[in-house]
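# Notes for the structure review
Okay, here's what each chain looks like letter by letter:
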Amino acid sequence: MPHYVALLRYTSQGIAKIKDSPARLDAARKAAETMGGKVHGWYLTMGHHDAVLIAEFPSDDVCAKFMLAVGAQGNITTQTLKAFPEDEYRKIIASLP
C-alpha cells in the first residue's frame, strides 16, 4: 500500500480544544482503518508543524478522502506527502537509464 507523511498544524479551534486531541487521534486511527488504511505513527513536533502523521492507504484517492475528512473537522490543517519506502526507492533508482 502507498505510504504518506502528513504535516499537521493546529488551527485556533484545535489549539483551544487541545485536551480533546488524544480522542481525536483515536477517532482518526479508527477512521483510517475503516477506509482500509493504517496509521503507523503520530509525533508531536516543535517548529513550523505541530505534528507529523505516518500512514498508509490503499490509494491516493483514499488518502485524500481521509485527509479532507479530518481537515473538515476544523481542528488541523494538513500538508500531505506521498512517501516511497526504501525498497520502492531502490527500484526507482535501479530503473533510471
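Cut-offs used in this document
- Residues numbered from 1 in each chain as written.
- Predicted model: local features only at pLDDT ≥ 70, side-chain atom pairs only at ≥ 80, totals over all residues.
- Heavy atoms only, no water.
- Pairing = 2+ DSSP bridges.
- Helix = DSSP H or I, 4+ residues; strand = E, 2+ residues; numbered from the N terminus.
- Axes fitted to C-alpha atoms, helices over the stretch in contact; angles between N-to-C directions.
- Salt bridge = Lys/Arg side-chain N within 4 Å of Asp/Glu carboxyl O.
- Buried < 20%, exposed > 50% of the residue type's maximum accessible area, 1.4 Å probe, protein only.
- Phe/Tyr/Trp six-rings, centres within 6.5 Å; stacked < 30°, edge-to-face > 60°.

## Here's the deal with the sheet that holds strand β1 (residues 3-10)
The strand order β2-β3-β1-β4 describes an open sheet built from 4 strands, whose pairing is antiparallel. Taken across any chain shown, the strands that pair with only one partner, and hence form the sheet edges, are β2 (38-44) and β4 (76-83). With strand direction ignored, the average angle separating the axes of adjacent strands in the sheet is 20°. Two strands pair when backbone bridges link them, and β2 and strand β3 (residues 51-56) are joined in this way by 6 bridges, in the antiparallel orientation. Bridged to Y43 within β3 is V52.

## A look at the pattern of salt bridges
One pass over the structure, following the stated rule, counts 2 salt bridges. Across the pair R90 and E86 runs a salt bridge whose closest N-O atoms are separated by 2.8 Å. With a gap of 4 residues between them, R90 and E86 both fall in helix α4 (residues 86-94), about one helical turn apart. Given a relative accessible area of 52%, R90 falls into the exposed group.

## Thoughts on the packing of aromatic side chains
Applying the stated criterion to the full structure yields 2 aromatic pairs. Between the aromatic rings of Y4 and F57, the centroid separation amounts to 6.1 Å while the plane-to-plane angle is 55°, which identifies the pairing as tilted. Of this pair, Y4 sits in strand β1 while F57 is found in the loop between β3 and α3 (60-71), placing the two residues 53 residues apart along the sequence. Accessibility assignment for this pair places Y4 and F57 in one class, buried. A centroid spacing of 5.0 Å and a plane angle of 40° characterise the contact between F57 and F66, whose relative ring orientation is tilted.

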